[in-house]
Number of protein chains: 2
Amino acid sequence: MSRKLRVGAAQIGPIFREESRENIIDRHIALLEDAARRNVDVILYPECSLTTWFPTLQLDDSEVDLYYEKTMPNPSVQPLFDRAKELEIAFCLGYAELDGDNHFNSSILVGKDGKIIGKYRKTHVEPDFTPGDSGFSVWPALGGYVGIGICYDRRWPEFWRVMGMLGAEVVFIPFCSLGSRHLAEFHHLLCLQAGAFFNGTWVIASSHTGEEVEGHPHLGVSAIVSPLGEIISRSYTCEDELIEATIDLDETKKARFAPRAPTFALDRRPELYKMITDPNWDGVHT
Amino acid sequence: MSRKLRVGAAQIGPIFREESRENIIDRHIALLEDAARRNVDVILYPECSLTTWFPTLQLDDSEVDLYYEKTMPNPSVQPLFDRAKELEIAFCLGYAELDGDNHFNSSILVGKDGKIIGKYRKTHVEPDFTPGDSGFSVWPALGGYVGIGICYDRRWPEFWRVMGMLGAEVVFIPFCSLGSRHLAEFHHLLCLQAGAFFNGTWVIASSHTGEEVEGHPHLGVSAIVSPLGEIISRSYTCEDELIEATIDLDETKKARFAPRAPTFALDRRPELYKMITDPNWDGVHT
């Protein structure tokens with residue numbers, strides 16, 4: 001059985017506040033159809049892909065709730081689910097999720113049959129969101145094992161290590177990051193490359209990008225990174241853009257179990273890492 | 001008080017099997033004197049800096065012990081300690097250490113007064129060495145806080161995180177890595193840059209380099225990396241070479257505590273990292 005997979009990052013450019021949901025979904029479907037023409041099996045949409053990046057707007061509580069989905073799919077998103085199923089393309093979709101009083105920053109993985117395989121709620125959050133309660137998960141999907149982290153999660157080596165230990169072969173990173181300068185791009189790619197290399201996993205990252213509010217440019221730089229940390233493909237615009245690559249899931253095994261490779265399954269010394277999980281550690285005082 | 005420091009990586013080129021200890025020490029002293037002329041406060045020598053890289057030789061037990069130091073300093077190394085004290089230069093020195101039956105891969109930090117401040121025994125080891133029993137330490141030194149990791153340790157995000165949590169402002173990485181190809185250099189620098197950035201610490205790495213045994217080239221690429229992960233200086237030879245830079249220890253505070261920076265002191269979710277310290281985890285089975 002082939003372990004090759006055609007993967008894409010379907011980056012979304014600016015979504016302005018006044019843009020209709022119908023139009024936003026049409027843009028998602030256009031990227032899906034582009035993916036179909038390029039024979040892609042699965043695409044990743046960005047973080048909070050269905051709305052403008054509303055945290056910048058500093059809305060009051062009642063207004064901000066309009067940007068959250070109460071169910072998924074819901075009638076406004078159903079056309080995307082329907083078209084993906086017709087085209088037999090799996091996808092990962094980021095959205096703001098209201099669950100009771102909780103304002104989660106979530107992403108779902110949807111199979112080629114249109115069914116939701118798993119949902120992840122962002123763990124490491126900015127103050128706008130409720131810290132996720134889902135923990136880290138890796139699901140059997142797409143002929144391999146797939147995990148999700150959202151934006152700020154990618155700055156945490158602990159997130160990446162747990163992904164690796166859970167056996168992730170592909171990690172999806174939907175994101176939306178303020179910045180357009182050299183250093184923002186460098187740090188973003190450094191996180192993806194280090195996470196991939198240290199844990200021997202493919203990484204796909206897709207950006208909610210562009211300047212929706214003047215003075216708040218979001219980084220582009222959607223990217224596909226190999227288990228050896230190499231950038232295989234990346235976007236160069238801040239508009240709707242699909243990048244794709246053929247990846248071989250078996251490459252993860254080579255990266256993980258080669259002698260003296262970053263073999264976190266060998267040579268670990270967990271008794272020396274205890275501080276990392278110490279709930280009472282309260283910060284560096286030097 | 002200034003928190004600026006002049007730091008150097010004193011890389012050592014090939015040390016052939018037949019080379020005398022006296023000559024090896026002379027080479028170390030030559031780099032020390034170069035550092036003095038360049039007004040450097042502290043230099044880092046590489047992993048196993050006093051001998052050829054003997055694991056390649058596949059020696060039998062009695063022969064291999066000749067490559068280990070039983071005390072430190074010892075008469076053969078004393079001239080280096082003496083000259084460093086005269087020049088008022090602190091240094092970090094890697095060497096093979098025999099302690100009873102234990103074959104440690106160790107490094108010491110020596111102050112400007114010639115006294116040993118701390119010793120670290122390599123934690124994550126290749127089969128040639130005994131796994132270190134010292135744990136990870138950070139010492140108050142050089143006007144800041146200094147830690148050491150050796151070679152393979154740098155591939156472990158857990159090592160870097162504990163360094164960060166212990167308050168390291170400078171981490172010394174003496175190393176000796178097989179490889180000369182693009183990927184070896186890329187992975188080496190990726191480890192340093194990710195470790196520095198994720199934990200907001202300066203990193204100085206110094207290589208035991210060159211081709212001591214035909215077909216076994218060791219990587220050069222000694223490097224100084226900022227707390228933002230940027231390469232400030234690097235070597236370009238595989239010979240004895242000193243690189244240096246002026247670093248400001250206060251940069252670590254900016255990198256650690258800026259809003260939404262890699263602030264491992266904020267936003268951590270240790271209850272979700274437990275797998276990392278689970279002594280019973282026995283590897284990925286996917």
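Nothing here was measured: the structure is a model prediction, and the numbers come from that model. (Residues numbered from 1 in each chain as written. Chains lettered and ligands numbered in written order. Predicted model: local features only at pLDDT ≥ 70, side-chain atom pairs only at ≥ 80, totals over all residues. Heavy atoms only, no water.)

Colleague: Requested: an account of the pattern of salt bridges, with residues and values cited.
Modeller: A full pass over the atoms with the stated rule returns 43 salt bridges over all chains. The shortest N-O distance in the salt bridge between R161 of chain A and E158 of chain B comes to 2.6 Å. Of this pair, R161 of chain A sits in helix α4 (residues 157-165) while E158 of chain B sits in helix α4 (residues 157-165), placing the two residues on different chains. Since its relative accessible area comes to 2%, R161 of chain A is described here as buried. Using a relative accessible area of 5% as the deciding quantity, one classes E158 of chain B as buried. Residues R83 of chain B and E33 of chain B are paired through a salt bridge, measuring 2.5 Å at the closest nitrogen-oxygen approach. With R83 of chain B in helix α3 (residues 78-87) and E33 of chain B in helix α1 (residues 21-37), this residue pair connects regions lying 50 residues apart in the sequence. Assessed through its relative accessible area of 25%, R83 of chain B is described here as partly exposed. Classification of E33 of chain B as partly exposed rests on a relative accessible area of 26%. Through salt bridges with shared partners, one network takes in E97, D99, K119, R121 and D133 of chain A. (Salt bridge = Lys/Arg side-chain N within 4 Å of Asp/Glu carboxyl O. Helix = DSSP H or I, 4+ residues; strand = E, 2+ residues; numbered from the N terminus. Buried < 20%, exposed > 50% of the residue type's maximum accessible area, 1.4 Å probe, protein only.)

Colleague: How would you summarise the packing of aromatic side chains if you had to cite specific residues and measurements?
Modeller: What the rule picks out here adds up to 26 aromatic pairs over all chains. Residues Y120 of chain B and F136 of chain B carry aromatic rings whose centres are separated by 6.4 Å and whose planes lie at 25° to one another, so their mutual orientation is stacked. Linking Y120 of chain B in strand β5 (residues 116-121) with F136 of chain B in the loop between β5 and β6 (138-141), this pair joins segments that are 16 residues apart in sequence. Here Y120 of chain B and F136 of chain B have matching classes, each one buried. Among the aromatic residues, ring-to-ring pairing joins W53, F54, Y67, Y68 and F129 of chain A into one connected group. (Phe/Tyr/Trp six-rings, centres within 6.5 Å; stacked < 30°, edge-to-face > 60°.)

Colleague: Requested: an account of the pairing of strand β6 (residues 138-141) of chain A, with residues and values cited.
Modeller: All names here are of chain A. Relative to strand β7 (residues 144-148), β6 runs antiparallel, the two sharing four bridges. Looking at β7, one finds that W139 is bridged to V146. Between β6 and β7, which pair antiparallel and follow one another directly, the connecting turn spans two residues, one of which, L142, has a positive phi of 60°. (Pairing = 2+ DSSP bridges.)

Colleague: Explain the relation of the copies chain B and chain A to me, using residue names and the numbers behind them.
Modeller: Turning chain B through 180° and shifting it by 0.0 Å along the axis lays it on chain A, with an RMSD of 0.0 Å. Such a turn and shift between the copies fits a two-fold axis. A high fraction, 100%, of the interface residues of chain B reappear at the interface in chain A, so the copies pair face to face through one surface. (Least-squares fit on C-alpha atoms with pLDDT ≥ 70 in both. Contact = heavy atoms within 4.5 Å.)

Colleague: Which residues make up empty space enclosed by the protein, and what are the values?
Modeller: On inspection of all chains with the given rule, the structure shows three cavities of 30 Å³ or more. Approximately 40 Å³ is the volume attributed to the largest cavity. Lining the largest cavity are P157, E158, R161 and I276 of chain A together with P157, E158, R161 and I276 of chain B. Split by residue class, the lining of the largest cavity holds four nonpolar, no polar and four charged. (1 Å grid on protein atoms, 1.4 Å probe; cavity = no way out; pocket = protein on both sides within 12 Å on 5 of 7 lines; lining within 4 Å. Points joined across faces, edges and corners; volume = space filled by probe spheres on them. Nonpolar A, V, L, I, M, F, W, Y, C, P; charged D, E, K, R; others polar.)

Colleague: Any chance you could break down the packing of α1 of chain B against α3 of chain B for me, citing the residues and the numbers?
Modeller: All names here are of chain B. Orientation of α1 relative to α3, taken along the N-to-C sense of each, is 10°, at an axis distance of 10 Å. Put simply, α1 runs roughly parallel to α3. Residues I25, H28, I29, L32, E33 and A36 of α1 form the contact with α3, whose own contacting residues are P79, L80, R83, A84 and L87. Grouping the amino acids of the contact of α1 with α3 by side-chain chemistry returns eight nonpolar, one polar and two charged. (Axes fitted to C-alpha atoms, helices over the stretch in contact; angles between N-to-C directions. Parallel < 35°, antiparallel > 145°, perpendicular 65-115°, else oblique.)

Colleague: Kindly report on the side chain of S207 of chain A, identifying the contributing residues and their values.
Modeller: Residues and elements named next belong to chain A. When you line up the elements, S207 lands in strand β9 (residues 202-207). Assessed through its relative accessible area of 0%, S207 is described here as buried. At 3.4 Å, the side chain of S207 and the backbone oxygen of G220 are in polar contact. Apart from the residues within four sequence positions on either side, S207 is in contact with Q11, I12, P46, F175, L219, G220 and S222. (Polar contact = N/O pair within 3.5 Å; in protein donor to acceptor, adjacent residues only side chain to side chain.)

Colleague: Tell me about the sheet that holds strand β13 (residues 231-234) of chain A, and please be specific about residues and values.
Modeller: Strand pairing in a sheet takes place through backbone hydrogen bonds and is either antiparallel or parallel in direction. Residue and element names in this part refer to chain A. What the six strands build is an open sheet, ordered β6-β7-β8-β9-β12-β13; its pairing is mixed. With one partner strand each, in any of the chains shown, β6 and β13 form the two edges of the open sheet. If you compare each strand with its neighbour and ignore which way they point, the axes differ by 20° on average. Most of the contacts of α4 go to strand β8 (residues 170-175), to which it runs at about 150°, and overall it touches β6, β7, β8 and β9. Most of the contacts of helix α5 (residues 182-199) go to strand β12 (residues 223-225), to which it runs at about 30°, and overall it touches β8, β9, β12 and β13.

Colleague: Tell me about helix α1 (residues 21-37) of chain A, and please be specific about residues and values.
Modeller: Residue and element names in this part refer to chain A. In a regular helix each residue adds 1.5 Å, so 17 residues correspond to 24 Å; α1 covers 25 Å between its end C-alpha atoms and thus fits that length. Those residues of α1 that sit buried are I24, I25, R27, H28, I29, L31, L32 and A35. Looking at the packing, one finds that the buried side of α1 touches β1 (4-11), β2 (42-44), α3 (78-87), β3 (90-99) and β14 (241-248). N39 sits one or two positions beyond α1 and adopts a positive phi of about 60°. (Expected span 1.5 Å × (residues − 1).)

Colleague: Can you break down the sheet that holds β1 of chain A residue by residue, with the values?
Modeller: Residues and elements named next belong to chain A. Here six strands make up an open sheet; going across it, the order is β5-β4-β3-β2-β1-β14 and the pairing mixed. Bordering the open sheet on either side are β5 (116-121) and β14, each of which pairs with just one other strand. Averaged over all pairs of adjacent strands, the angle between their axes in this sheet comes to 30°, without regard to strand direction. Note: β2 against β3, three bridges, orientation parallel. Directly across from I43, in β3, lies its bridge partner F91. Each of β1, β2, β3 and β14 touches α1; the most contacted strand, β14, lies at about 40° to it. Sitting on the sheet, α3 touches β3, β4 (102-110) and β5, and the angle it makes with β3 is about 160°.

In short, shape yes, function no, at least from these values alone.
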